[in-house]
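Below, each chain spelled out in residue letters.
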Amino acid sequence: MASKQQSASDEEQRSNETTEPETALETARRQLEQAATHVDVDGAAIERLKHPAKVHEVTVPLERDDGSVDVFTGYRAQHDSVRGPYKGGLRYHPEVTRDECVGLSMWMTWKCAVMDLPFGGAKGGVVVDPKSLSDDEKERLTRRFTQEIRDVIGPTKDIPAPDMGTDPDTMAWIMDAYSMQEGETIPGVVTGKPPVVGGSYGREEAPGRSVAIVTRETCEYYDYPLSDTTVAVQGFGSVGANAARLLHEWGATVVAVSDVNGAIYDPDGIDVTAIPSHDEEPEAVTAYAAEAADDVTRISNADLLELDVDVLVPAAIGNVITADNADAIAADIVVEGANGPTTFAADAILEERGVHVIPDILANAGGVTVSYFEWLQDINRRKWSVERVHDELESEMVRAWSEIRDEVEERNVSWRDASYVVALSRVSDAHEARGLWP
Ligand code: GLU
């Protein structure tokens, strides 16, 4: 069968949906309130954790290639540092807002605590469409943004990393701009750098690898042998592509993948190793469908979410599973590759329907875990082999997953609530031990 063209583009479909007014910050706060009902933590401590410690807003002027100057806004939200330096990504996206950064910084606090890493949570970004920038403009913007936030970052203060719209090159420029101003080479100021300047092998694929590991453990636990398991993956960036490729390698049947233009579906399975990831070649999934694929049907990103598969991995953007489509999700297991793909309202519907949702703060935590390995390598000036990175990530993920599973079993709560219970207990115990200053 030839590749079919979808009738309405994803863009049109999105505009027809009734979108729920739920920001990342609202979702993160509601999740925290719900988790607080399961743990014995003082109300004032919860109230404190609903707010960021600090949010930095900066103005970033950029000289365009044609000599004109445009002005952008950047943020760095620092949520909590009781367990160690703030840690989290920087995104370049036109829809970055202060509240989104704060919500995402809260998730980083919980993610680091779930993995028991000695870090707190932060997130930042610049309100810009990275596709509208040339490489030179992106570099100049990054260097100037680094200068504007230079006082509040540092290897023992706050350590940025890649996120949507940023990549290892961006991290190399941050490292260079920071180091030039400080007068010494300080690789530990950012993670996710290219290995040649202190980056860790295995860092780029780490979030996707952790999604795959957590999917494998969860499938085994609920008795879905991978060789009989069908998987749909939304997004083919570093998270989606790496998760899809590993699950395919481990014997699962990946029946659908997508990029920003739409999805492809083949009930017999797609050879995901034949499709370049977004980082290798942007929008290659739909290009592959147009050029090559036999037996591949073009569907929309919205349809992909509702496919009758065993496992759904939303690994593209936030807020894709909402109260509008939660009833139509046919997967038995949802593994959150993106940050915040499920709204609070949708989560309640999925839980009621018995769908197991493995939350972002556990599933994609491989990224920040290998960031921690990178930070250790930078401090020690000693590189680890990719085999060591993979082995240590495997054991850290399985340990964290097992700790959460124990909470799921003991308390009879969802995987998200169980993850929050573990994270919140660690963070609030640390606050209690340190006390309130002054
Ligand atoms: N941006 C990634 C995340 O959301 C990685 C953060 C990090 O490595 O610091 O987990």
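Our structure's up above, just so we're on the same page.
Residues numbered from 1 in each chain as written. Predicted model: local features only at pLDDT ≥ 70, side-chain atom pairs only at ≥ 80, totals over all residues. Heavy atoms only, no water.

Enquirer: Summarise the overall build of the chain; cite the residues concerned and give the values.
Expert: Across its full length, the chain carries 15 helices and 12 strands. Over its C-alpha trace the chain gives a radius of gyration of 21 Å, about what one expects of a compact globule, namely 22 Å for 438 residues. Over its C-alpha atoms, taken along the principal directions, the chain stretches across nearly 60 × 60 × 45 Å. By residue count, 57% of the 438 residues in the chain fall in the buried class. Relative to all contacts within the chain whose residues are 6 or more apart in sequence, the contacts with residues 24 or more apart total 71%. In the structure as shown, the chain presents an accessible area of about 17,900 Å², 46% of it carried by carbon and sulfur atoms. The distance from the centre of the 39 positive side-chain charges to the centre of the 80 negative ones in the chain is 8 Å. (Helix = DSSP H or I, 4+ residues; strand = E, 2+ residues; numbered from the N terminus. Rg over C-alpha atoms; globule rule 2.2 N^0.38 Å. Buried < 20%, exposed > 50% of the residue type's maximum accessible area, 1.4 Å probe, protein only. Contact = heavy atoms within 4.5 Å. Areas by Shrake-Rupley, 256 points an atom, 1.4 Å probe, with all protein chains shown as cover. Lys, Arg positive; Asp, Glu negative; His and termini not counted. Charge placed at Lys NZ, Arg CZ, Asp CG, Glu CD.)

Enquirer: With reference to specific residues and values, describe the state of the cysteines.
Expert: Taken as a whole and assessed by the stated rule, the structure comprises 0 disulfides. A disulfide-free cysteine, Cys101 has its sulfur positioned 16 Å from the sulfur of Cys112, the nearest such atom. (Disulfide = S-S within 2.5 Å.)

Enquirer: Report on the packing of aromatic side chains, specifying residues and quantitative values.
Expert: Describing an aromatic ring pair means giving the distance of the ring centres and the angle of the ring planes. For the structure on display, the rule yields 11 aromatic pairs. Between Trp110 and Tyr420, the ring centres sit 5.8 Å apart and the planes meet at 50°, which makes this aromatic pair tilted. Taken as a pair, Trp110 in helix α4 (residues 98-114) and Tyr420 in helix α15 (residues 415-434) lie far apart in primary sequence, 310 residues in all. In terms of burial, Trp110 and Tyr420 fall into one category: buried. Ring geometry for Tyr222 versus Trp415: centroids 6.4 Å apart, planes at 70°, classification edge-to-face. Taken together, the residues Tyr222 in the loop between α7 (206-221) and β6 (230-234) and Trp415 in helix α15 connect sequence positions 193 residues apart. (Phe/Tyr/Trp six-rings, centres within 6.5 Å; stacked < 30°, edge-to-face > 60°.)

Enquirer: Give a description of the packing of helix α5 (residues 135-149) against helix α6 (residues 168-182) that names residues and reports values.
Expert: Close contact between α5 and α6 brings their axes to 9 Å; oriented N to C, the two are set at 45°. Comparing their axes, α6 and α5 come out oblique. The chirality of how α5 crosses α6 is right-handed. Contacts from Asp135, Lys138, Glu139, Thr142, Arg143, Thr146 and Gln147 of α5 reach α6 at Thr170, Trp173, Ile174, Asp176, Ala177, Tyr178 and Gln181. For the contact of α5 with α6, a count of residues per class yields 4 nonpolar, 5 polar and 5 charged. (Axes fitted to C-alpha atoms, helices over the stretch in contact; angles between N-to-C directions. Parallel < 35°, antiparallel > 145°, perpendicular 65-115°, else oblique. Left-handed = near helix turned anticlockwise from the far one by under 90°. Nonpolar A, V, L, I, M, F, W, Y, C, P; charged D, E, K, R; others polar.)

Enquirer: Let's hear about the pattern of salt bridges: which residues, and what values?
Expert: One pass over the structure, following the stated rule, counts 32 salt bridges. The closest approach of N and O atoms between Asp360 and Arg416, which form a salt bridge, is 3.8 Å. Taken together, the residues span a long stretch of sequence, with Asp360 in helix α12 (residues 360-363) and Arg416 in helix α15 at a distance of 56 residues. The exposure classification of Asp360 matches that of Arg416, with both residues buried. Residues joined by salt bridges that share partners form a network here, namely Arg91, Glu100, Lys123 and Asp163. (Salt bridge = Lys/Arg side-chain N within 4 Å of Asp/Glu carboxyl O.)

Enquirer: So, the sheet that holds strand β2 (residues 69-80): which residues are in play, and what are the values?
Expert: Read across the sheet, 5 strands follow the order β1-β2-β4-β3-β5 without closing on themselves; strand pairing throughout is mixed. Among the strands making up the open sheet, the edge pair consists of β1 (54-63) and β5 (158-162). Averaged over all pairs of adjacent strands, the angle between their axes in this sheet comes to 25°, without regard to strand direction. α4 rests against β1, β2, β3 (86-93) and β4 (121-127) of the sheet, and its axis sits at about 150° to β4. (Pairing = 2+ DSSP bridges.)

Enquirer: Tell me about the pairing of β5, and please be specific about residues and values.
Expert: In terms of burial, β5 is largely enclosed, as 4 of its 5 residues are buried. Sheet topology places β3 next to β5; 5 bridges connect them, and they run parallel. Across the sheet, residue Tyr86 finds its bridge partner in β5, namely Asp158.

Enquirer: Describe in detail the environment of Ala423, supporting the description with residues and values.
Expert: Looking at the element boundaries, Ala423 is found in helix α15. Considered as a pair, Ala423 and Ala113 are 310 residues apart in the sequence and their alpha carbons are 4.8 Å apart. Contacts of Ala423, omitting those with residues within four sequence positions, involve Trp110, Ala113 and Val114.

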